[in-house]
Amino acid sequence: MGRMEYSTNEMMAIRAARLIKDGDIVFVGTGLPMLAAMAAKQIHAPGAILFFETGGIDPILEEIPMCVSDPRVMYWTSLNSGLIEAFSIAAHRRLRTIALLGAAQIDRYGNLNSTCIGPYHRPKVRLPGSGGAGDVAALADAFIVFMRHEKRRFVEKLDYLTSVGWYQGRDSRRKLGLKRGGPIAVITDLGVFGFDEVTKEMYLAEYYPGISLEQIIENTGFEVDTSRAKETDPPTEEELKILREKVDPQRLIL
Amino acid sequence: MGRGGGVGKFMTVKEAVSRFIRDGMTISIGGFTVSRNPMALAYEIIRQGRKDLHVVCHSHGQALDVLIGAGCVRRVEIAYGGNGRWAPTCIRFRKAVERGEIEVEDYSNYQMSLRFLAGALGIPFMPTKSGLGSDILKVEGFGPEVRGKGKVSSKKAVVIQNPFEEEEDPIVLVPALNPDVTILHVQYVGEDGTVRIKGLTFADIEQAKAADVVIVSCEEVVPVEYIRSDPDQNSLPPFFVDAIVRVPYGAHPTACYGFYDYDAGHLNYYRKAAEDDAAFENYLREWVYGVSSHEEYLEKVGVESLLKIKASAGRGYAVGLERK
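Residues numbered from 1 in each chain as written. Chains lettered and ligands numbered in written order. Predicted model: local features only at pLDDT ≥ 70, side-chain atom pairs only at ≥ 80, totals over all residues.

Chemist: Can you break down the overall build of chain A residue by residue, with the values?
Modeler: The secondary structure content of chain A amounts to seven helices and 14 strands. For 254 residues, the compact-globule estimate of 2.2 N^0.38 gives 18 Å, and chain A sits close to it at 18 Å. Over its C-alpha atoms, taken along the principal directions, chain A stretches across nearly 50 × 45 × 35 Å. The burial tally for chain A puts 58% of its 254 residues in the buried class. Excluding contacts between residues fewer than 6 apart, the proportion of contacts in chain A whose partners are at least 24 apart in sequence is 65%. (Helix = DSSP H or I, 4+ residues; strand = E, 2+ residues; numbered from the N terminus. Rg over C-alpha atoms; globule rule 2.2 N^0.38 Å. Buried ≥ 20, exposed ≤ 12 C-beta atoms within 10 Å, placed from the backbone. Contact = placed C-beta atoms within 7 Å.)

In structure tokens, the structure reads:
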């Protein structure tokens with residue numbers, strides 16, 4: 001079989017989808033998180049529950065939602081509710097909740113900025129703000145981050161810390177008073193980062209087919225351990241078919 | 001706070017805004033990014049030239065952006081200003097912050113929802129673990145000259161030790177919010193003033209109960225026998241509501257579950273206009289100042305667009321809608 005053609009967005013969505021297990025309760029953000037969560041449910045995790053901070057719990061997504069308040073997240077749900085109910089699920093002690101988020105900047109401990117670039121009071125670029133990201137980063141059982149892999153986005157110091165990851169590493173997140181959670185993976189357009197079990201520092205876990213370690217080092221604004229990296233399995237024909245034909249046939253996000 | 005029943009509460013958009021909204025008030029906007037924004041009310045606030053508004057919301061989109069772009073807003077307390085895929089950051093909001101034209105205080109969605117809930121319950125604050133370690137707790141947007149004045153809380157948030165725990169256990173307290181006015185757009189209001197929101201309620205119910213005055217615009221006014229025969233579906237009793245305005249398509253170009261989808265064509269058109277100051281002025285002249293009523297606005301939108309976004313039966317959104 002010849003080499004399959006696929007886009008970076010497809011690789012990112014499929015790679016993230018593989019992290020979602022059947023039975024996970026998944027908090028879904030706008031954009032790539034929608035693709036990944038819907039793909040996981042269609043491919044290997046039919047029992048995963050998707051829910052949205054707006055209050056839509058477990059909808060049938062016949063069409064991909066363009067944002068979390070899209071009326072498509074209100075169709076054939078088990079419950080249509082509101083924000084407080086959604087966060088009571090995200091934070092629930094009995095549930096293995098996993099959040100899919102995006103951000104503009106990330107540091108080595110997986111802390112995120114989605115508020116501003118430059119000084120807060122007179123920013124160079126104002127971004128949308130936390131939304132529910134800061135909440136689920138603090139309260140969910142785990143979170144996964146999607147990032148464009150650029151030096152200006154993988155930074156030593158965030159311009160603003162919107163959502164807490166492993167904070168300053170080691171057990172500093174727990175010491176803040178956060179009893180669970182933390183980032184488990186960063187999915188970029190070049191590869192995948194994990195977090196060291198002890199130091200909680202980001203390390204390169206995978207690089208995509210055709211991407212070199214040099215490329216990743218060059219585009220990361222802090223030093224990163226690449227010694228544990230292996231090549232990612234490319235998306236399979238079946239995974240791509242489902243993503244293209246079932247998840248986003250209108251090519252709204254892909 | 002309104003009296004019971006619907007008597008005397010039904011009015012036009014013009015009357016509702018001129019009676020209840022004053023310059024400098026703290027206004028809370030219902031809906032979420034591109035769903036159920038009270039657009040007809042927002043447009044009327046602009047037409048009546050309200051100034052120096054202090055807007056409080058969680059994740060907001062179109063109504064917030066138009067109000068900011070039209071120069072009605074001085075200050076916002078907000079978790080998110082975005083319009084989904086059409087404007088990941090609301091454009092006039094972004095420009096106004098970057099140019100220093102408005103003051104911003106950032107919170108998260110859950111924090112803002114809890115603040116409305118505290119306001120609704122009549123208690124001074126709510127505790128949460130959300131925010132620990134973040135710059136939301138470390139960086140203040142408002143200066144000391146703003147804090148503690150009018151409806152602005154004396155502090156942004158406070159971290160205390162959990163008083164029920166011996167061991168170290170920090171917890172965040174977020175202050176209650178009691179807006180002067182909450183404006184909502186919903187699907188149904190009964191002739192008795194009972195409010196019924198279909199689909200997701202977001203934090204609309206908390207926002208309404210937290211406010212001193214509530215203005216509700218709706219798609220349909222329905223008979224008492226209809227709204228009281230299935231009360232499990234209802235969201236607010238009549239005595240919370242002060243003004244009721246019947247405005248079909250009152251959330252356009254945002255979506256209203258069960259009635260119509262978002263109008264992607266209009267949102268794209270808006271995005272282009274919002275990127276340029278002169279084009280945005282033209283947009284306001286054409287779509288806000290240049291129309292005297294919501295009916296006239298809908299005539300401009302046109303039958304073809306309105307039919308395209310009409311919700312499909314049994315789905316609540318427009319199946320197969322062109323959404324790019």
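Next comes the rest of the description.
Chemist: Hey, could you go over helix 5 (residues 109–121) of chain B for me, with residue numbers and the actual values?
Modeler: Each α-helix winds once per 3.6 residues, and so residues spaced three or four apart point in a common direction. All names here are of chain B. Its 13 residues give helix 5 an end-to-end C-alpha distance of 18 Å, which sits within 8% of 18 Å, the value for a rise of 1.5 Å per residue. The element helix 5 is extensively covered by neighbouring structure, given that twelve of its 13 residues are classed as buried. Within the span of helix 5, buried status applies to Asn 109, Tyr 110, Gln 111, Met 112, Ser 113, Leu 114, Arg 115, Phe 116, Leu 117, Ala 118, Gly 119 and Ala 120. In the segment just after helix 5, Gly 122 is the residue with positive phi, at about 75°. (Expected span 1.5 Å × (residues − 1).)

Chemist: Please set out the packing of helix 9 (residues 264–274) of chain B against helix 10 (residues 277–289) of chain B residue by residue, giving values where relevant.
Modeler: Residue and element names in this part refer to chain B. For the pair helix 9 and helix 10, interaxial distance at closest approach is 6 Å and the crossing angle is 130°. Here helix 9 lies oblique to helix 10, going by the angle between them. Between helix 9 and helix 10, the contacting residues are Tyr 270, Lys 272, Ala 273 and Ala 274 on the first element and Ala 279, Phe 280, Asn 282 and Tyr 283 on the second. The class makeup of the residues in the contact of helix 9 with helix 10 is six nonpolar, one polar and one charged. (Axes fitted to C-alpha atoms, helices over the stretch in contact; angles between N-to-C directions. Parallel < 35°, antiparallel > 145°, perpendicular 65-115°, else oblique. Nonpolar A, V, L, I, M, F, W, Y, C, P; charged D, E, K, R; others polar.)

Chemist: Explain the interface of chain B and chain A to me, using residue names and the numbers behind them.
Modeler: The partner chain A presents 44 residues to the 51 residues of chain B that form the contact. For the side of chain B that touches chain A, the secondary structure elements donating two or more residues are strand 5 (80–81), helix 4 (91–98), helix 5, helix 6 (135–138) and strand 9 (170–175) of chain B. No other element matches the four residues that helix 5 of chain B contributes to the side of chain B that touches chain A. Across the side of chain B that touches chain A, the residue classes tally to 21 nonpolar, 19 polar and eleven charged.

Chemist: Tell me what's going on with the sheet that holds strand 8 (residues 158–161) of chain B, and back it up with residues and numbers.
Modeler: Residue and element names in this part refer to chain B. Taken in spatial order, the three strands line up as 7-9-8 in an open sheet, and their pairing is antiparallel. The sheet is open, and its two borders are formed by strand 7 (125–128) and strand 8, each paired with just one other strand. Within this sheet the neighbouring strands show an average axis-to-axis angle of 35°, counted without direction. As paired elements, strand 8 and strand 9 share four bridges and run antiparallel to each other. (Pairing = 2+ DSSP bridges.)

Chemist: Please set out the environment of Pro234(A) residue by residue, giving values where relevant.
Modeler: All names here are of chain A. Within the fold, Pro 234 resides in the loop between strand 14 (230–231) and helix 7 (237–247). Look at Pro 234 and you get partly exposed, because 18 C-beta atoms sit within 10 Å. Note: C-alpha distance between Pro 234 and Met 4 (230 residues apart in sequence) is 8.6 Å.

Chemist: A description of the packing of helix 1 (residues 8–17) of chain A against helix 7 of chain A should follow, citing residues and the corresponding values.
Modeler: All names here are of chain A. Contact geometry of helix 1 with helix 7 gives a least axis separation of 11 Å together with a crossing angle of 105°. Considering the angle they form, helix 1 stands roughly perpendicular to helix 7. On helix 7, the residues that touch Glu 10, Ala 13 and Ile 14 of helix 1 are Glu 239, Leu 240 and Leu 243.

Chemist: Before we move on, could you go through the confidence of the model for chain B and cite the residues and values that matter?
Modeler: Of the residues in chain B, 99% reach a pLDDT of 70 or more, and the chain-wide mean stands at 97. Predicted as a complex, the structure gets a pTM of 0.98 and an ipTM equal to 0.97. (pLDDT = per-residue confidence, 0-100.)

Chemist: How would you sum up the pairing of strand 10 (residues 142–147) of chain A? Please name residues and give values.
Modeler: Residue and element names in this part refer to chain A. Here strand 10 lies mainly inside the structure; five of its six residues are buried. For strand 5 (residues 97–102) and strand 10, the ladder comprises five bridges, and the chain directions are parallel. Bridging from a neighbouring strand, Gly 102 pairs with Phe 146 of strand 10. Where strand 10 meets strand 11 (residues 183–188), five bridges bridge the pair, whose relative direction is parallel. Among the inter-strand pairings, Phe 146 is bridged to a residue of strand 11, identified as Ile 187.

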